[in-house]
Amino acid sequence: MLAKRGNALRALLQDPDDGVRAAVAESLEKVEALQGLDAILTTLHSGPRAQRARAILLLQKVQSNDVFAPLISILSDPDANLRSLALQVLGVKKHPKTLSAIGKHLKDPEPAVRVHAVEALTHFADPRLIPHLVPLLQDQDDALVRAVVRALVAIATPEVETPLLAALKDPRASVRAEAVRGLGELGI
């Protein structure tokens with residue numbers, strides 16, 4: 001089935017329209033990733049670090065529920081960079097069943113991983129996240145606090161206005177600036 005789909009797409013690589021050729025290239029990349037899912041998953045768990053990172057990024061292009069369990073398993077990897085990459089991909093994919101696994105990394109020992117967890121949660125824009133995000137506005141990590149502000153803005157419910165207004169009084173200019181931009185983006 002995938003081979004048939006790939007062949008049909010490849011036949012359109014010579015289409016006279018630039019838009020069609022661009023769409024073919026994008027779709028073909030996804031189909032080929034799906035065809036190579038088994039190889040990607042093997043590399044994900046046993047390849048060298050650089051190949052494992054590439055495998056994580058390739059899983060973003062695969063449209064299959066079979067990618068979520070392997071990505072979630074990477075969240076317990078000792079390598080913080082691989083955990084961060086997995087969080088990024090899970091955020092982009094926005095599968096509701098991954099929300100809890102992502103949320104656990106709001107307390108990751110690595111600051112960068114916590115930032116990536118918040119950024120991943122931003123894709124969900126789920127009001128249930130507010131009580132988990134607001135306490136992080138007190139964190140010492142500027143990047144984390146700015147990411148939390150962006151996540152609250154993405155949620156865009158009336159409940160986020162109060163913590164955003166409080167962030168205007170943060171001693172860090174970068175946090176205040178992010179809160180100012182966020183308040184400007186919030187609707188009524």
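In every chain, residue numbers begin from 1 and rise along the written sequence. Restriction of local features to residues with pLDDT of at least 70 applies here, the model being predicted, together with a cutoff of 80 or more for giving and counting side-chain atom pairs; totals for whole chains, interfaces and linings are based on all residues. Side-chain numbers come from the whole structure's heavy atoms, not from hydrogens or water.

Caption draft 1: Region of the structure containing helix H4 (residues 49-59). Burial status follows relative accessibility: with a 1.4 Å probe on protein chains alone, a residue under 20% of its type maximum counts as buried, one over 50% as exposed, and anything between as partly exposed. Only DSSP runs of H or I covering at least 4 residues are called helices, and only runs of E covering at least 2 are called strands; the numbering of each starts at the N terminus. Residues of H4 that are buried: Arg52, Ala53, Ala55, Ile56 and Leu59. Mapping the buried residues of H4 onto a view down its axis gives an arc of 160°, with all of them on the same face. Facing away from the buried side of H4, by more than 90 degrees, are the exposed residues Ala50 and Arg54. Residues of H4 that are buried in the fold lie against helix H3 (37-46), helix H5 (68-74) and helix H6 (80-93). To be clear, the arc concerns the directions from the helix axis to the C-beta atoms. For this analysis, residues touch if any pair of their heavy atoms sits within 4.5 Å.

Caption draft 2: View of the pattern of salt bridges. In the sections that follow, a salt bridge refers to a side-chain nitrogen of Lys or Arg positioned within 4 Å of a carboxyl oxygen of Asp or Glu. By the definition in use, this model includes 10 salt bridges. Salt-bridge contacts for Arg52 lead to Asp77; the nearest nitrogen and oxygen are separated by 2.6 Å. Remark: Asp77 occurs in the loop between H5 and H6 and Arg52 occurs in helix H4; sequence separation between them is 25 residues. Each member of the pair Arg52 and Asp77 is classed as buried. Close ionic contact of Arg172 with Asp142 constitutes a salt bridge, the shortest N to O distance being 3.1 Å. Highlighted residues: Arg172 in the loop between helix H11 (161-167) and helix H12 (173-185) and Asp142 in helix H10 (residues 142-155), separated in sequence by 30 residues. Several salt bridges share partner residues, and in doing so they unite Glu119, Arg150, Glu178 and Arg181 into one network.

Caption draft 3: Local environment of unusual backbone geometry. Of note in the backbone geometry, Lys94 takes a positive phi value of approximately 50° without being a glycine. Along the chain, Lys94 turns up in the loop between H6 and helix H7 (99-103). Note on Lys94: relative accessible area 45%, which makes it partly exposed. If you check the backbone angles, Ala125 has positive phi at about 50° while not being a glycine. Turning to its location among the elements, Ala125 is positioned in the loop between helix H8 (111-122) and helix H9 (130-133).

Caption draft 4: Looking closely at a nonpolar patch on the surface. Here a patch means residues that are over 30% exposed by relative accessible area and free of salt bridges, tied together within 9 Å if like-charged and within 5 Å if nonpolar (Val, Leu, Ile, Met, Phe, Trp, Tyr). For the area figures, the Shrake-Rupley method with a 1.4 Å probe applies, and any residue is considered shielded solely by the protein chains shown. Among the surface-exposed residues, Leu165, Leu168 and Val180 lie close enough to one another that they form a single nonpolar patch of about 230 Å² accessible area. Residue placement: Leu168 occurs in the loop between H11 and H12. Judged by relative accessible area, Leu168 falls into the partly exposed class, the value being 31%.

Caption draft 5: Broad picture of the confidence of the model for the protein chain. The score called pLDDT rates the predictor's confidence residue by residue, from a low of 0 to a high of 100. Averaged over all residues, the pLDDT of the protein chain equals 92, while 98% of them reach at least 70. Highest mean pLDDT in the protein chain belongs to H6 (98); lowest belongs to helix H1 (residues 2-11) (77).

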